[in-house]
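The lines below spell out each chain.
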Amino acid sequence: MRPVNIYMEANPNPNSMKFVVNFMLLQDGVSFDYPNVESAEQSPLAQELFKLPYVDRVFYMSNFVTVTKKEEVEWQEIQEEIKSVIKPYLENEKPLILEELDKDPLFDENDSEVVKKIKGILDEYIRPAVEQDGGAIGFSSFADGIVTVNLQGSCSGCPASTVTLKNGIENLLKQMLPNEVKEVVAEEG
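Turning our attention to the sheet that holds strand E6 (residues 135-143). Backbone-to-backbone hydrogen bonds join strands into a sheet, with any given pair of strands oriented parallel or antiparallel. Here we have 3 strands laid out as an open sheet, ordered E6-E7-E8, and mixed in their pairing. Across the chains shown, the open sheet's two edge strands, defined by having one partner strand only, are E6 and strand E8 (183-186). Averaged over all pairs of adjacent strands, the angle between strand axes in this sheet comes to 30°, irrespective of strand direction. Against the sheet, helix H3 (residues 113-132) touches E6 and strand E7 (146-153), its axis set at about 160° to E6. Strands in contact with helix H4 (residues 161-176) are E6, E7 and E8; relative to E8, the strand with the most contacts, it is inclined by about 145°.

Below, the structure is given as structure tokens:
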């Protein structure tokens, strides 16, 4: 059995908690977001977590699993039960996901130069901060000066995500690419 240590880390979304483990779960920049049990078909661990009636969303990235709970329960009531699902699963070295990854999810050689720059800024400046809060940001599209991103994990539904999007991400992209970027919006999901 693999030795697994888990500690919990709060983040700006009061309904989500990061369960950080002592090893990497996924390669850098790769994440999986499961907003419901149906979307978790390729993730046995997420399916197990969704069996808990208070689990609303499951997200994996780097060395952590972010769980978003229903509002009516408190973390003190459920955190040990969540850990008791994650820890033995990882100790037994079961697969986190069943699907294969064949390319870097962030970069595509067919991207325009502006899109490559936007993705580079998101990867270097934005992703580490968002990841620290238990979430992820993904590039969706760029058209007519508007960058569309998707917020995953604890960022999805977080009360602070609009402030982060406008005051952080949009300001940085407009400052670094003033002639190209006019606005940043988040797609629903």
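Next, the rest of the story.
What follows covers the environment of Ile126. The topology assignment puts Ile126 in helix H3. The class of Ile126 is buried, set by a relative accessible area of 7%. Sequence separation between Ile126 and Leu172 is 46 residues, and the spatial gap between their C-alpha atoms is 8.9 Å. Excluding anything up to four places from it in sequence, Ile126 contacts Ile121, Ile137, Ile169 and Leu172.

Counting 33 residues, the largest nonpolar core has Leu49, Tyr60, Val65 and Ile82 as the members making the most contacts within it. Aside from chain neighbours lying at most four places away, what touches Leu49 is Val55, Val58, Val65, Val67, Ile82, Val85 and Ile86. Formed by 17 residues, the second largest nonpolar core is a distinct cluster that contains Val149, Leu151, Leu165 and Val181.

For helix H2 (residues 75-91), built from 17 residues, the straight-helix expectation of 24 Å at 1.5 Å per residue is met to within 8% by its first-to-last C-alpha distance of 23 Å. The set of residues buried in H2 consists of Trp75, Ile78, Gln79, Ile82, Val85, Ile86, Tyr89, Leu90 and Glu91. Looking at the buried side of H2, the elements it contacts are strand E1 (6-10), strand E2 (16-21), helix H1 (44-50) and strand E5 (64-69). Just downstream of H2 lies Glu93, where phi reads positive at about 55°.

Conventions and cut-offs
Residues numbered from 1 in each chain as written. Predicted model: local features only at pLDDT ≥ 70, side-chain atom pairs only at ≥ 80, totals over all residues. Heavy atoms only, no water. Pairing = 2+ DSSP bridges. Helix = DSSP H or I, 4+ residues; strand = E, 2+ residues; numbered from the N terminus. Axes fitted to C-alpha atoms, helices over the stretch in contact; angles between N-to-C directions. Contact = heavy atoms within 4.5 Å. Buried < 20%, exposed > 50% of the residue type's maximum accessible area, 1.4 Å probe, protein only. Core = buried A, V, L, I, M, F, W, Y, C linked by side-chain atoms within 4.5 Å. Expected span 1.5 Å × (residues − 1).

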